[in-house]
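Single-letter residue listing:
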Amino acid sequence: VQLQASGGGLVQAGGSLRLSCAASGSIFSINGMGWYRQAPGKQRELVAAITSGGFTDYADSVKGRFTISRDNPRNTLYLQMNGLKPEDTAVYYCNADILSGGRWREYWGQGTQVTVSS
């Protein structure tokens, strides 16, 4: 099982980016999924999470600007980021609880860099 994140890049403040995270491999089921980020010198933090039923939760710092969604048949997670600020600059990681080979495990994507210039 692998998570492949994409969609990061360099954008000016106020701009938008859409991150994607595709899960592949021998997947029987996916439960919760989420996006985390880690800025230089800081701890990794939860940005947004979504359950298999579509319930969402956001960090206060991104509420009203970011939207998390998922395409269950395609095992893909998205993060639409609008109104980006320089403080959103970080490496963004996707995360998922996946049932594979009869076991539930937590998987992480490789990270995608988001840089917001002022």
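Residues numbered from 1 in each chain as written. Predicted model: local features only at pLDDT ≥ 70, side-chain atom pairs only at ≥ 80, totals over all residues. Heavy atoms only, no water.

Draft legend 1. Highlighting the overall build of the chain. The number of helices and strands found in the chain is zero helices and 11 strands. When the helices and strands of the chain are placed in sequence order, the string is β-β-β-β-β-β-β-β-β-β-β. Its C-alpha atoms give the chain a radius of gyration of 14 Å, within 12% of the compact-globule value 13 Å for 118 residues. Once the C-alpha set of the chain is aligned to its principal axes, its extents read approximately 45 × 25 × 25 Å. Expressed as a percentage of its 118 residues, the buried residues of the chain come to 40%. Of the contacts made within the chain by residues no fewer than 6 positions apart, 54% connect residues no fewer than 24 positions apart. Of the roughly 6,400 Å² of accessible surface on the chain, a fraction of 46% belongs to carbon and sulfur atoms. On the chain, the mean spot of the 11 positive side-chain charges and the mean spot of the 8 negative ones are 4 Å from each other. (Helix = DSSP H or I, 4+ residues; strand = E, 2+ residues; numbered from the N terminus. Rg over C-alpha atoms; globule rule 2.2 N^0.38 Å. Buried < 20%, exposed > 50% of the residue type's maximum accessible area, 1.4 Å probe, protein only. Contact = heavy atoms within 4.5 Å. Areas by Shrake-Rupley, 256 points an atom, 1.4 Å probe, with all protein chains shown as cover. Lys, Arg positive; Asp, Glu negative; His and termini not counted. Charge placed at Lys NZ, Arg CZ, Asp CG, Glu CD.)

Draft legend 2. Region of the structure containing the pairing of strand β4 (residues 29–38). As paired strands, β4 and strand β9 (residues 90–100) are joined by eight bridges and run antiparallel to one another. Residue pairing for β9: R37 is matched across the bridge by Y92. The pairing of β4 with strand β5 (residues 45–50) spans five bridges and is classified as antiparallel. What sits directly across from M33, in β5, is I50. Counting the residues in the hairpin turn of β4 and β5 gives six residues, including G41, whose phi is positive at 80°. (Pairing = 2+ DSSP bridges.)

Draft legend 3. Up close: the state of the cysteines. A complete count under the given rule lists one disulfide for this structure. Put simply, C21 and C94 are joined by a disulfide, and their sulfur atoms are 2.1 Å apart. Here C21 and C94 share a disulfide; its torsion about the S-S bond, 65°, makes the bridge right-handed. A residue pair is termed long-range when its members are at least 10 positions apart, and C21 in strand β3 (residues 17–24) and C94 in strand β9 qualify at 73 residues. As far as burial versus exposure is concerned, C21 and C94 are alike and both buried. (Disulfide = S-S within 2.5 Å.)

Draft legend 4. Focus on the environment of K85. Considering the arrangement of structural elements, one finds K85 in the loop between β8 (76–81) and β9. Owing to a relative accessible area of 35%, K85 belongs among the partly exposed residues under this scheme. The spacing of K85 and G101 is 16 residues in sequence and 41 Å in space, taken between C-alpha atoms. Filtering out sequence-adjacent residues up to four positions away, K85 remains in contact with R65 and V116.

Draft legend 5. Inspection of the pairing of β9 at higher detail. Here β9 lies mainly inside the structure; nine of its 11 residues are buried. Alignment of β9 against strand β11 (residues 112–117), held across three bridges, turns out to be antiparallel. Bridge assignment links V91 to a residue of β11, and that residue is Q113. Pairing analysis gives six bridges linking β9 to strand β10 (residues 103–108), with the strands arranged antiparallel. Note that in β10 the partner of S100 across the bridge is R103.

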